[in-house]
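# A closer look at the structure
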Amino acid sequence: MTYAFMIEPQDFIALDNEDELIEKCQEWGLLSGKATKLKTFYYKGNGLNMPCTIIGYVDHMAAVIQLDNGQKHCIHPSYLKEMQASSYSARSISNVGSDRSTEPSTSDTVVPVTPAELTQTPDNPDEIPSDLDDSDDTDTDEFSSGMKGDPDGLVEEYVGPQSDAASEAKPKAKTASKAKSVKIDLPEGKVKMSAVVKEFTTVPNHFSDNDDEVIIYEAVTITEPDVIDVGEAWSSHSATVKKQELEVGDVITFEAKIIKKKLTRNPVPYKINNPSKIQKED
């Protein structure tokens, strides 16, 4: 059986390592900071109450779960966290009508969104609050996600990749005199890389009381399969990386996937995902 409401991700970052999955669940508040093993999560939206598996994420606004029938679904991590409450099932099921077409029009009614509206550029982007500006957390060429629906979060709508036309329609910056940054075609999948540790810092986490620890690197270079000078990049200061006891100035080599994703409130344009086989140069 398939479910029509499911929002299938077009692309996502898989979490196939249990340690990384536990770390991500702790970041979202789905597990305590002391948790050492996963637990069973449940999807209780749209009148359902069934086990689900967290298999990855698109960005910090969209986790990817998989139901028993194999369907994948994008959901806001805070909605999924709310669904784990024992009282959520009764509330969610009672709020889902058997035929939405017969429901009276209210202020909480979900308004259908057309594909054109999903890619529409705001008329006044300069007035968007800084905390909600996509440029703080994700790049327009990657993915952005928005969740709309009733107050209980029963309806989630994922806004997929932005079209080229939408990106080009955005107003150009007034500082046209500044030199344009060189566009780098990043390879897909894991590659061999080298980098120099530049800085340890933190960025706000909307799903936790604590800020996220991150590392900023300089002189980042893809060494295989092709040599590409990247410049600056960042990564999470995860438990795996902490084992290396890195210090500012350390030169390291590793394998990782690198994507175009700006660090929150920092001008670092690329993110290093799940570095492994980390070695410090002498």
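The structure under discussion appears in the preceding block.
What comes next is a walk through the structure. Just so we're clear, the structure is a prediction, and the values are computed from it rather than from any experiment. (Residues numbered from 1 in each chain as written. Predicted model: local features only at pLDDT ≥ 70, side-chain atom pairs only at ≥ 80, totals over all residues. Heavy atoms only, no water.)

### Some points on the layout of surface pockets
The test is simple: Detection works on a 1 Å grid of protein atoms alone, calling trapped sets that fit a 1.4 Å probe cavities and calling open sets with protein on both sides within 12 Å along at least five of seven lines pockets, with lining residues defined by an atom within 4 Å of a point. Grid points are joined across faces, edges and corners, and a volume is the space filled by probe spheres set on the points. Helix numbers and strand numbers start at the N terminus; a helix is a DSSP run of H or I with at least 4 residues, a strand a run of E with at least 2. Note that Gly is not counted as nonpolar here; it falls among the polar residues with everything else outside the nonpolar set of Ala, Val, Leu, Ile, Met, Phe, Trp, Tyr, Cys and Pro and the charged set of Asp, Glu, Lys and Arg.
Approximately 1000 Å³ is the volume attributed to the second largest pocket. As for the second largest pocket, its lining consists of 44 residues, of which Glu 23, Glu 27, Asn 205, Asp 212 and Glu 213 are closest to the centre. Examining the composition of the lining of the second largest pocket, we find that seven residues originate from one element, helix H1 (residues 18-28), more than from any other. Taken together, the residues of the lining of the second largest pocket break down into 10 nonpolar, 16 polar and 18 charged.

### Regarding the pairing of strand E4 (residues 62-67)
Threshold: Each residue's exposure class comes from its accessible area (1.4 Å probe, protein chains only) as a fraction of the maximum for that residue type: buried when under 20%, exposed when over 50%, partly exposed otherwise. Strand pairing is defined by DSSP finding a minimum of two bridges between the two strands.
Of all six residues in E4, five are buried; the element is thus mostly enclosed. Pairing between strand E3 (residues 50-59) and E4: six bridges, direction antiparallel. Each residue of the ladder has a partner; that of Gly 56, found in E4, is Val 64. The antiparallel hairpin formed by E3 and E4 contains two residues in its connecting segment. Between the end of E4 and the start of strand E5 (residues 72-75), which pair antiparallel, lie four residues, with Gly 70 showing a positive phi angle near 90 degrees.

### With respect to the pattern of salt bridges
In plain terms, the rule: When a carboxyl oxygen of Asp or Glu is within 4 Å of a side-chain nitrogen of Lys or Arg, the pair counts as a salt bridge.
A complete count under the given rule lists five salt bridges for this structure. Where Glu 27 meets Lys 24, a salt bridge forms, and the shortest distance between an N and an O atom there is 3.3 Å. On the criterion of helical spacing, the pair formed by Glu 27 and Lys 24 is a turn pair, its members being three residues apart in helix H1. Accessibility classification places Glu 27 together with Lys 24 in one group, the buried group. Here Lys 242 and Glu 213 are joined by a salt bridge, their closest N and O atoms 3.2 Å apart. Taken together, the residues span a long stretch of sequence, with Lys 242 in helix H7 (residues 239-242) and Glu 213 in strand E7 (residues 212-224) at a distance of 29 residues. Residue Lys 242 is classed as partly exposed on the basis of its relative accessible area of 39%. Residue class for Glu 213 comes out partly exposed when judged on its relative accessible area of 40%.

### A few points about the state of the cysteines
For clarity, the threshold we go by: Criterion for a disulfide: a pair of cysteine sulfur atoms within 2.5 Å.
In the structure shown here, the tally under the stated rule is zero disulfides. Just so you know, Cys 25 is unpaired, no disulfide at all, and the nearest cysteine sulfur is the one on Cys 52, 9.9 Å from it. Judged by its relative accessible area of 0%, Cys 25 is buried.

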